[in-house]
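Report on the structure
Listed below, chain by chain, are the residues.
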Amino acid sequence: MAPYITKYVSFLLILADESTAFAPSNQSARRGATALDAPSSTCQPRPPSSTRQRQSTTGPLYTSKKNDRARMEKSWEHMMGEDWREFRAHLVAREHVEEDIAMSGSNISNNSKKNGKQQQSSTPKEVGKFISGAISSIFSKGEASKKEEAGDTAMATQAKQKEDLVNIFEGYAIGGATEFSKIEVSSSCSDPFMDDEQCHIIYDEPDVKLDKHRWAHPLFHVEPGSILVANEKLGGVFHQTVVLIIDHNENTGSTGMVINRPFPGNLIKTASDTESNIDLSLKMAFSKAPVAYGGPVMQDQFSTLHGFGEVMGSKKVCPGVFVGGSSQLMQEVRRNNLHPTEVLFVKGHAAWVPGQLTREIEKGVWYIAAASADLILRYAGAPVSKDDNPSDLWADILSCMGEKFENIAVAHSGRGDDRMLP
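Here the structure is a predicted model, which is why all the values come from computation and not from measurement.

What counts, and at which threshold
- Residues numbered from 1 in each chain as written.
- Predicted model: local features only at pLDDT ≥ 70, side-chain atom pairs only at ≥ 80, totals over all residues.
- Heavy atoms only, no water.
- Helix = DSSP H or I, 4+ residues; strand = E, 2+ residues; numbered from the N terminus.
- Contact = heavy atoms within 4.5 Å.
- Areas by Shrake-Rupley, 256 points an atom, 1.4 Å probe, with all protein chains shown as cover.
- Axes fitted to C-alpha atoms, helices over the stretch in contact; angles between N-to-C directions.
- Parallel < 35°, antiparallel > 145°, perpendicular 65-115°, else oblique.
- Left-handed = near helix turned anticlockwise from the far one by under 90°.
- Phe/Tyr/Trp six-rings, centres within 6.5 Å; stacked < 30°, edge-to-face > 60°.
- Buried < 20%, exposed > 50% of the residue type's maximum accessible area, 1.4 Å probe, protein only.
- pLDDT = per-residue confidence, 0-100.
- 1 Å grid on protein atoms, 1.4 Å probe; cavity = no way out; pocket = protein on both sides within 12 Å on 5 of 7 lines; lining within 4 Å.
- Points joined across faces, edges and corners; volume = space filled by probe spheres on them.
- Nonpolar A, V, L, I, M, F, W, Y, C, P; charged D, E, K, R; others polar.
- Pairing = 2+ DSSP bridges.
- Salt bridge = Lys/Arg side-chain N within 4 Å of Asp/Glu carboxyl O.

1. Comments concerning the overall build of the chain
Of regular secondary structure, the chain possesses 15 helices and eleven strands. Contacts spanning at least 24 positions in sequence make up 69% of the contacts within the chain whose residues lie at least 6 apart. Total accessible area on the chain is roughly 26,100 Å²; 57% of this is exposed by carbon and sulfur atoms.

2. Quick word on the packing of helix H14 (residues 393-400) against helix H15 (residues 403-412)
Relative orientation of the contacting elements H14 and H15 amounts to 150°, with a least axis distance of 6 Å. As the angle between them shows, H14 and H15 are arranged roughly antiparallel. Here H14 and H15 pass one another in a crossing that is left-handed. Taken together, the residues of H15 that come into contact with H14 (itself represented by Trp394, Ala395, Leu398 and Ser399) are Phe405, Glu406, Ile408, Ala409 and His412.

3. Topic: the packing of aromatic side chains
Within a pair of aromatic rings, the relevant descriptors are the distance that separates the centres and the angle that separates the planes. Inspection of the entire model under this criterion finds five aromatic pairs. An angle of 80° between the planes, with centres 5.7 Å apart, marks the rings of phenylalanine 238 and tryptophan 366 as edge-to-face. With phenylalanine 238 in the loop between strand S2 (227-230) and strand S3 (242-249) and tryptophan 366 in strand S11 (residues 366-371), the pair connects residues that are 128 residues apart, well separated along the chain. As far as the burial class goes, phenylalanine 238 and tryptophan 366 line up, both buried. Taken together through their ring pairs, the aromatic side chains of Phe238, Trp352 and Trp366 make up a single cluster.

4. Digging into the confidence of the model for the chain
Residues shown with low pLDDT carry predicted positions that ought not to be read at fine detail. Considering every residue of the chain, the mean pLDDT works out to 76; 58% of them sit at 70 or more. The least confident element of the chain is helix H2 (residues 26-37), whose mean pLDDT is 37; the most confident is S2, at 98. Segment residues 1-9: pLDDT under 50, and nine contacts once partners within four positions in sequence are set aside and those in other chains are kept. Within the model, the stretch residues 50-57 combines pLDDT values under 50 with six contacts to residues more than four positions away or in other chains.

5. A word on H14
Of all eight residues in H14, six are buried; the element is thus mostly enclosed. Looking at H14, one finds that the buried residues are Leu393, Trp394, Ala395, Asp396, Ile397 and Leu398. Summarising the contacts, the buried residues of H14 are in contact with strand S1 (216-218), S2, S3, S11, helix H13 (373-376) and H15. Directly beyond the C-terminal end of H14, a positive phi value near 130° is found at glycine 402.

6. With respect to the environment of valine 243
Secondary-structure assignment places valine 243 in strand S3. When the C-alpha positions of valine 243 and isoleucine 376 are compared, they lie 9.4 Å apart, and in sequence the two are 133 residues distant. Look past the residues within four positions of valine 243 in its chain and what remains in contact with it is Ser226, Ile227, Leu228, Phe238, Gly256, Met257, Val258, Trp352 and Trp366.

7. A word on helix H11 (residues 326-334)
Buried residues of H11: Gln328, Leu329, Met330, Glu332 and Val333, and no others. Just downstream of H11, asparagine 336 is the residue with a positive phi angle, here 60°.

8. Points about the environment of histidine 96
Tracing the backbone shows histidine 96 in helix H5 (residues 84-120). With 112 residues separating them in the primary sequence, histidine 96 and valine 208 have C-alpha atoms 10.0 Å apart.

9. A closer look at empty space enclosed by the protein
Counted under the stated rule, the structure contains two cavities of 30 Å³ or more. The volume enclosed by the second largest cavity comes to roughly 30 Å³. Lining of the second largest cavity is provided by His248, Asn249, Glu250, Gly253, Ser254, Val353, Pro354, Gly355, Gln356, Leu357 and Thr358. For the lining of the second largest cavity, the elements supplying multiple residues, two or more each, are S3, strand S4 (253-258) and helix H12 (356-362). If you tally residues by element for the lining of the second largest cavity, the top one is H12, at three residues. Across the lining of the second largest cavity, the residue classes tally to three nonpolar, seven polar and one charged.

10. Observations regarding the pairing of S2
A two-sided burial pattern is seen for S2, the buried positions comprising Ile227 and Val229 on one face and Leu228 and Ala230 on the other. Two strands pair when backbone bridges link them, and S2 and S3 are joined in this way by three bridges, in the antiparallel orientation. Bridged to leucine 228 within S3 is valine 243. In the sheet, S2 pairs with S11 via four bridges, with the strands oriented antiparallel. Bridge pairing links valine 229 to tyrosine 367 in S11.

11. Some thoughts on the pattern of salt bridges
A full pass over the atoms with the stated rule returns nine salt bridges. Here arginine 88 ties to glutamate 223 by a salt bridge, and the two come within 2.8 Å at their closest N and O atoms. Taken together, the positions of arginine 88 in helix H5 and glutamate 223 in the loop between S1 and S2 put the pair 135 residues apart, joining distant regions of the chain. Across the salt bridge formed by aspartate 247 and lysine 315, the nearest N and O atoms sit 2.2 Å from each other. A residue pair is termed long-range when its members are at least 10 positions apart, and aspartate 247 in strand S3 and lysine 315 in strand S8 (residues 314-318) qualify at 68 residues. What makes lysine 315 partly exposed here is its relative accessible area of 31%. Each of the salt bridges in this network shares a partner with another, and the network as a whole consists of Arg214, Arg378, Asp388 and Asp396.

Right, dumping it as structure tokens:
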């Protein structure tokens, strides 16, 4: 419990400092209002109070504070370990370890059964030898055999005494104790709403180490923030693609964007060479930003994928991954709080009518998975480790999903992400 208490205390201290920074004293607030709202001449009338209030909540100072808060919230979430998807990934990894242990145990049991059957299935000739030997030994016992039997009995007695001596010092059969005896203690869980097993799952250090930068596992359902990994047999524009699901609803349909088809040039080149409706100011501010093919729908429109934070106009797809808010991101680029290469401009998107994606998944077109934020943001400035394949996200994610999918990646990878056609 101590590490978690320390985390929350740190969180409260940071929150107190941040609230002080964002809530100036009345005197300083009055001085700021006078400096900003004072007219250039005393003869000019002051603007109405409603106008002053509207200006104070829409000006660049206010929006920059909102952006700073969004970035801090994202940092807090990461520091506190509040990514529920990572917790689920821990549980999935633990299940895999338990399955491997159970499988190895069953293999040992099967091998012992096979050996037992082999011993039982002796040939008739061997059985005959055994019977004849036993009969002859019965009728040919003499004084030598009796001495030999006495010696064997003594050796067996000594071995049994040694075994009992070892067991007694391990605590067995002392005062009625057995090897399964243990000291019962009261519940160590301080949470009144959890039992011991739930407390161990939530608060204990995980016995399975998870690489927070690089993890992925299969899912059995589609959810916002999940990814669709194309089946190795799928052709066309979605061949070996990875699609991030933005919205999913059985009644209204689903939308997503391809995240592993980077264009060869940056934003200013791609927007100039192809048809697009991107604003000129965005084009200049993000001139060096990477661009990717997002899907066949509305290819003249751009979306932004980033990990900066949930700024105004953006949507949190999953912990650490955000879509939209380009105008606020542009302000952060101008304030040198964000580098243009940390935002991926996605050209077009993918869309499914109600029920269409479900039918495609049932036919095996897509593998559903959850993946780390760094894998999702591979082309939006996320760090790359030595274990990553920086040019093939499709194969990289399959390799993280387990043995079956790793075999698929090994057998069918090689083309990489830097291409527009299958």
